[in-house]
Amino acid sequence: MALNVTIHRILRHRRFLNSANSTLHLTNTRCFSHAPSPSPSQSSKANDKDPHSGPSSLKDNELAKFAAISDTWWDSEGPFKPLHLMNPTRLAFIRSTLCRHFKRDPYSTRPFEGLKIVDVGCGGGILSEPLARLGATVTGVDAVEKNIKIARLHADLDPTTSTIEYCCTTAEKLVEEGRTFDAVMALEVIEHVANPEEFCKSLAALTNPDGATVVSTINRSMRAYATAIVAAEYILHWLPKGTHQWSTFLTPEELAMILHRAGINVEEMAGFVYNPLTGRWLLSDDISVNFIAFATKSQNAI
Amino acid sequence: MNRLVKRSVSNFFALKIPSKSLCTGVVKVPGSNVAEILNENEKKENTTSNSIQQYDIAIVGGGMVGMALASFLASMPMTKQLSVAIIDSNPALSGSMSIKKEDPPDPRVSTVTPATISFMKDAGAWKYVEQNRHAYFDKMQVWDYTGLGYARYNARDVNKDFLGCVAENKVLHSALLSCIQDSDFKRTIYPLRLNSMTLNRSSMSVVEENMSSRESSSAQGQCARLQLSDGNSIYAKLVVGADGGKSRVRELAGFKTTGWNYSQNAIICTVEHPSENRCAWQRFLPTGPIALLPIGDKFSNIVWTMSPTESNQRKSIAEEEFLKDVNSALDYGYGPHPTSSLSGTRDLFSWFQMDTTVSANESFEVPPKITKLVSERMVFPLSLRHANSYASKRVVLIGDAAHTVHPLAGQGVNLGFGDAYSLSRIIAEGIALGTDIGEVNLLKKYEAERKPANISMMAILESFQKAYSVDFGPFNILRAAAFHGANYIPPLKRTIISYASGEQNFPVFL
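Residues numbered from 1 in each chain as written. Chains lettered and ligands numbered in written order. Predicted model: local features only at pLDDT ≥ 70, side-chain atom pairs only at ≥ 80, totals over all residues. Heavy atoms only, no water.

The name an unreviewed UniProt entry assigns to chain B is Ubiquinone biosynthesis monooxygenase COQ6, mitochondrial, from the organism Arachis duranensis. The heading Sequence similarities (unreviewed entry) in the UniProt record of chain B holds the text "Belongs to the UbiH/COQ6 family." (UniProt positions renumbered as here; feature names shortened; annotations may be inferred.)

By the naming in an unreviewed UniProt entry, chain A is Ubiquinone biosynthesis O-methyltransferase, mitochondrial, taken from Arachis duranensis. Of the comments in the UniProt record for chain A, the one headed Subcellular location (unreviewed entry) reads "Mitochondrion inner membrane". In UniProt, chain A has this text filed under Subunit (unreviewed entry): "Component of a multi-subunit COQ enzyme complex."

Attention now goes to a nonpolar patch on the surface. Residue and element names in this part refer to chain A. A cluster of nonpolar side chains, namely Y234, I235 and L236, defines an oily patch on the protein surface of about 330 Å² accessible area. Turning to its location among the elements, Y234 is positioned in helix α10 (residues 222–235). Taking the relative accessible area as the measure of exposure, Y234 reaches 46% and is therefore partly exposed. (Patch = residues over 30% accessible without salt bridge, like charges linked within 9 Å, V, L, I, M, F, W, Y side chains within 5 Å. Areas by Shrake-Rupley, 256 points an atom, 1.4 Å probe, with all protein chains shown as cover. Salt bridge = Lys/Arg side-chain N within 4 Å of Asp/Glu carboxyl O. Helix = DSSP H or I, 4+ residues; strand = E, 2+ residues; numbered from the N terminus. Buried < 20%, exposed > 50% of the residue type's maximum accessible area, 1.4 Å probe, protein only.)

Core analysis: the largest hydrophobic core is formed by 82 residues, its most contacted members being B:I57 and B:L226. Tallying contributions element by element places helix α12 (residues 412–432) of chain B first for this core, with 10 residues. Among the nonpolar cores identified, the runner-up in size contains 35 residues, and A:F93, A:A183, A:A270 and A:W281 belong to it. (Core = buried A, V, L, I, M, F, W, Y, C linked by side-chain atoms within 4.5 Å.)

Turning our eyes to something else, we now look at the pattern of salt bridges. Residues and elements named next belong to chain B. Under the definition given, this model contains 26 salt bridges over all chains. Salt-bridge contacts for R248 lead to E251; the nearest nitrogen and oxygen are separated by 3.1 Å. Residue R248 and its partner E251 are both found in helix α8 (residues 248–253); the two are separated by three residues, about one turn of the helix. Classification of R248 as partly exposed rests on a relative accessible area of 30%. Where R314 meets D325, a salt bridge forms, and the shortest distance between an N and an O atom there is 2.9 Å. With R314 in helix α9 (residues 308–316) and D325 in helix α10 (residues 319–330), the pair connects residues that are 11 residues apart, well separated along the chain. Sharing partners across several salt bridges, the network here consists of R133, E168, K170 and D297.

Quick look at the sheet that holds strand β7 (residues 280–284) of chain A now. Residues and elements named next belong to chain A. Across the sheet, which stays open at both edges, the eight strands sit in the order β3-β2-β1-β4-β5-β8-β6-β7 with mixed pairing between neighbours. Since the sheet does not close on itself, it has two edges, and those belong to β3 (165–167) and β7, each with one partner. The average undirected angle you get between the axes of adjacent strands in this sheet is 20 degrees. Sheet topology note: the strand β4 (residues 181–187)/strand β5 (residues 207–218) ladder contains six bridges and is parallel. Paired with A183 across the two strands is A212, which belongs to β5. Of the strands in this sheet, β2 (137–141) and β3 are in contact with helix α7 (residues 145–155), which crosses β3 at around 165 degrees. Contacts from helix α11 (residues 252–261) reach β5, β6 (264–275) and β8 (290–297), with the element oriented near 150 degrees to β6. (Pairing = 2+ DSSP bridges. Axes fitted to C-alpha atoms, helices over the stretch in contact; angles between N-to-C directions. Contact = heavy atoms within 4.5 Å.)

Moving on: the pairing of strand β6 (residues 150–154) of chain B. All names here are of chain B. Counting buried positions along β6 gives five out of five residues, so the element sits mostly inside the fold. Burial along β6 is two-sided: the face carrying Y150, R152 and N154 and the face carrying A151 and Y153 are both buried. In this structure, strand β5 (residues 139–144) lies alongside β6, joined through five bridges in antiparallel fashion. Residue Q141 lies in a different strand from β6, and its bridge partner there is R152. Counting the residues in the hairpin turn of β5 and β6 gives five residues, including G147, whose phi is positive at 80 degrees.

This is how it looks when you write it as structure tokens:
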């Protein structure tokens, strides 16, 4: 309880700082408290200017940011280079946790055969394609129309990835359509959504009973500020300036808490650490900057 | 670029809308230019049939290194289901070339290090080498013509049974081939040459080209297209250039190289001596090194480096005269035998006495007398060449295509096996994580693993070459002191042995 109160204060503080961006944030200041929060439809509709996206926890300015660079998704030397480099590391975590959870043969070349997986915020399909190669039946969704076009084009170049279903929609809309999946992926997405708690509820609703949810993001730590924003955006120019806003980041505790409230339990967490000498990312226990969480939905949860 | 994307987007929607109902209404397609593009492509692609074969990997060059890669891929659970095309016009690949044990050994041999042997054991190929002629050696003696320096190495210095093994290239090659034939590995051998290669650099420009054959439009987008010498083409997600020092793949992919030709040739041949040889011998002469490598029974292999004029002359002289030259080069020719007590360097290193190696107590030996030449004499020019990059999108170089080294110490093929092993592991890792195996980030991992190791070995071989191209008194003594250090300082000696065995990628103390 004490933890919740502290987190609430931190969140309220950061929401307040950030409120200049959007009036929506003011209505959300209490969303992590025990007091009843405003109903999801109310809060998100206020922000909904996109005619086809329906209720959404996304921010318009975030969408515009990604639309501007979506051409370069598959340029391994382009703006998404850090994501390309990090991708194998994310997949190593996903492969090991999902193989264990769904009792798949870890030596199989297609261990996810028969699993329905949704990649929320799929972008150009950097994660969706490897998941499809590993045998999964993949649905990739992204609110940026241009991303979906790029993803579709790229996936069609290879018969194993051409089976991916890409849709320009949101997690909320999929929930409305009543779709569910064995595993739900939301990697490097939650820091770009306006209402993380609503977003997590949608992720939970998309997850089958006994299914798995994997979420990765950046910690709201001083080290994350120094590395993910100052170093990556301003010094190394890995990411376009303004890609991330520190105040919108979640700490691992906050993420675990909001997932728990949505009915899914974090079972394993790992950090990604960049080795500047080899230029590679490694999985580690250090969750102070980038981290990934594997969570499951228990059968009795809804 | 924008225009390109727009065009390809419209192409895609023209084809895909019916099957993707969830996406309908997402985009308004200006369908006007679809037909036009299809027409363009129809003209362009009219000649190619729908039956163009598609592979995961095309290995260009089915020599030892290319076949090593194929057998490593065939032996791992992650990679054994890959479909592989091997492009090589060498008839040895298709027909089963029988190796007769009674035949005298072929002069083309390789000295394989313990590291290479363990790679081949992992793949299940080494047992076939052991069925044919091969020679393990547990001793090595290196000395020079000045009589000042010599070093002896013994496998027992590093608690091993052997330092390496010499086998004919055809034995190694057929062992790898048998190992692949044993497996249910899906490989297709094309007894052809590579004419040209089309790499689709940009994933978006690819789409246009794909529109040619509607049914299989998606199949070729992510692939390199290889045009073969019979006019047919194949597609592959990854093209491996294992086609040697004059690599066509390297040329077509536009990899630049750095290197030079030494104005030196090597004569190689097989010789016979009265008793069996268990030692690898190498003597540095002012004209270049001469090596005598055991190849089993009473046979040994000669690799002798010299100037092009000398090599041409020695190739054509009578057998007795050639044998006289060889025996003199391995014995008293050019200078005296070294003696261990000569310069007293032994005492200089006496502070290492507590930790001596077995071979430190062995004295200089004279190599066996050669009595007979049993093969033709073959002459090869020496050169050093290194590709500035080993990997780009969909293309990777291994073996001599990436680096051609001085044949000194027989390291060339071992570097190639190291490349093949490393690449096979990285492909397996990529498949485990669902990566496109032609992706440049994956292939760069292989480059990062092999390039520094290859460069340091090349630098060492190059400096040996340079050190012996100078004949100058004080320099000769320095060189001799280095020899003594290498012979009498145990940690240095062990490092040298384990580096030369391929167990260590860098010549550093650990």
